[in-house]
Amino acid sequence: MKVTGDQALVKKINKSLILHTIRKHPELSRARISEMTGLNKATVSNLVAELLEEQLVLEAGPGESSGGRKPLILHFNAMAGCVVGMELRVKHLTAVLCNLNGAVLYETELPLDQHDFPSVLENMKTMLTGLIAMAPTTHYGVVGIGVGVPGMVDEDGVVLFAPNLSWEKVHLRELLEESFSIPVIIDNEANSGALGELNFGRGEDVRHLLYVSAGSGIGSGIIIGGELYKGSRGYAGETGHMCIEAEGTPCSCGSRGCWELYASEKAYDLAAMELPAYHTPELIRLAADGNAAARQQFEVMGSYLGIGLTNLINGFNPELIVIGGALSDARKWLEGPMQQVVAERTLPYHKQQLEIAFSTLGSRATMIGAGFSAAMHFLGHTRVMV
Ligand SMILES: [Zn+2]
């Protein structure tokens, strides 16, 4: 989008800039906002007055004065409305009711036995209805629903392909908007997870972050310059299908030797004969009890995780990589071999000031990030691009 001199657009951009400055920095005065944004004091005053009227900003008692009249302090009104963030996984649905700043008010979970779309949709609607009913009374009410799904999603919220659910071209956004008359944002689970980590987890203040979700497959959320990178059509981040074995095992995507065949739960199929269990929580329990086969399985997967990470690090030069998804619970056995491979194989300059961490939000990153996307959609995230 090329910015023109259109007054309404300029005002919208300035107002959004002020709102997000107040949201990110509690306890600002009008004068401080003017300094931080470079907008003149009259503009800040006018737009803050509008935000106060819209109840998105609240004014509190006097702050510290450097002499003269004490300034009034502004706060983002996170309780002006609520959003729902949901994650659809292969085995369960999880969801949170959050305020507009991502603070969790309620959390709920439902196991899924079947993956056919009609029954999953019914379960989603039941869960959403329950959470919306629990929302406290706020000025705007529930203003958005965000859903992270394990598959490719287009700009219209259509789930194009979710191989682990056997879904193709599912019009999820449209159907949920019809049912609830609330704006719905559908995104790939790794993109939502990356936003969750960037805003509420390990990624605060990070500009270049890769969130690698390892579970039933592998997907990555790519943050470049503080913004989610989605590619030309929204399909970026399918790193699980990056080839790491040129003549490796055939993959359902049509290629072979894909990363997720070796470093996600799909690796259990390759090692099935030797494994004592085929579900991650069960394998983690066995590994914790000292089962050698379970531990070795995670260690081998850790090495393969490291191989793929090396490719991503050399290609993207991130500051931070966060490992999330169901497998992040096996950190104890994955981490050592993974870090060793990265240390041995990554280009020397790329290793400097690089941190590889496991998610602090754990398996909650995706639903919290999905809720955040819904809140940002409501608040309007106008970006200046020239
Ligand atoms: Zn593949």
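All values derive from a computational prediction rather than experimental measurement. (Residues numbered from 1 in each chain as written. Predicted model: local features only at pLDDT ≥ 70, side-chain atom pairs only at ≥ 80, totals over all residues. Heavy atoms only, no water.)

### Things to note about the layout of surface pockets
Reported here for the second largest pocket is a volume of approximately 960 Å³. Where the lining of the second largest pocket is concerned, the elements lending two or more residues are β3 (82-88), β11 (209-214), β12 (218-224), α8 (267-270) and α9 (280-288). When residues of the lining of the second largest pocket are assigned to their parent elements, the largest contribution, three residues, is made by α9. Residues from two domains meet in the lining of the second largest pocket; each of domain 2 (80-193 + 366-379) and domain 3 (203-360) gives at least three. (1 Å grid on protein atoms, 1.4 Å probe; cavity = no way out; pocket = protein on both sides within 12 Å on 5 of 7 lines; lining within 4 Å. Points joined across faces, edges and corners; volume = space filled by probe spheres on them. Helix = DSSP H or I, 4+ residues; strand = E, 2+ residues; numbered from the N terminus. Domains from an automatic or database assignment.)

### A short note on helix α10 (residues 292-316)
With 25 residues, α10 extends 36 Å between its outermost C-alpha atoms, agreeing within 8% with the 36 Å of an ideal straight helix rising 1.5 Å per residue. The N-capping residue of α10, defined by a side-chain oxygen 3.0 Å from the backbone nitrogen of Ala 293, is Asn 291. Taken from the residues just after α10, Asn 317 is the one with a positive phi, measuring 50°. (Expected span 1.5 Å × (residues − 1). Polar contact = N/O pair within 3.5 Å; in protein donor to acceptor, adjacent residues only side chain to side chain.)

### A word on the UniProt feature "domain: HTH marR-type" (unreviewed entry) in the chain
Here the UniProt feature "domain: HTH marR-type" (unreviewed entry) sits at residues 16-57. Across residues 16-57 one finds 71% helix and 2% strand; the C-alpha atoms that close the span lie 12 Å apart. (UniProt positions renumbered as here; feature names shortened; annotations may be inferred.)

### Focus on the coordination of the zinc ion
Within the protein, the zinc ion binds to His 241 (ND1), Cys 251 (SG), Cys 253 (SG) and Cys 258 (SG); these donor distances fall in the range 2.0 to 2.3 Å. If you look at the zinc ion, its four donor atoms make angles of 106 to 119° with each other, and the shape they trace is tetrahedral. Written as a sequence motif, the donor arrangement for the zinc ion is H-x9-C-x1-C-x4-C. The exposure class of Cys 253 is partly exposed, given its relative accessible area of 40%. (Donors = N, O, S within 2.8 Å, 3.2 Å for Na, K, Ca; no water. Tetrahedral: all angles 85-135°; square planar, octahedral: opposite > 155°, others 65-115°. Buried < 20%, exposed > 50% of the residue type's maximum accessible area, 1.4 Å probe, protein only.)

### Overview of the side chain of Asn 199
Position of Asn 199 relative to the elements: it lies in helix α6 (residues 189-200). On the basis of relative accessibility, which here comes to 18%, the residue Asn 199 falls in the buried class. Polar side-chain contacts of Asn 199 include one of 2.9 Å to the backbone oxygen of Leu 195. When neighbours within four sequence positions are excluded, Asn 199 is seen to be in contact with Glu 204 and Phe 372. (Contact = heavy atoms within 4.5 Å.)

### Some remarks on a negative patch on the surface
Negative charge collects at one region of the surface, where Glu 155, Asp 156, Glu 174, Glu 177 and Glu 178 lie side by side. In this fold, Glu 155 is placed in the loop between β7 (152-153) and β8 (159-162). (Patch = residues over 30% accessible without salt bridge, like charges linked within 9 Å, V, L, I, M, F, W, Y side chains within 5 Å. Areas by Shrake-Rupley, 256 points an atom, 1.4 Å probe, with all protein chains shown as cover. Salt bridge = Lys/Arg side-chain N within 4 Å of Asp/Glu carboxyl O. Lys, Arg positive; Asp, Glu negative; His and termini not counted. Charge placed at Lys NZ, Arg CZ, Asp CG, Glu CD.)

### A few points about the nonpolar core
Core analysis: the biggest nonpolar cluster contains 41 residues, and Trp 259, Phe 298, Leu 309, Ile 321 and Ile 356 have the highest contact counts within it. Looking at this core, the element that brings in the most residues is α10, giving eight residues. The residues touching Ile 356, leaving out its near neighbours within four places in the chain, are Leu 309, Ile 313, Ile 321, Ile 323, Met 338, Gln 339 and Val 342. Within the second largest apolar cluster, 40 residues are counted, among which are Ala 194, Val 206, Leu 320 and Ala 357. (Core = buried A, V, L, I, M, F, W, Y, C linked by side-chain atoms within 4.5 Å.)

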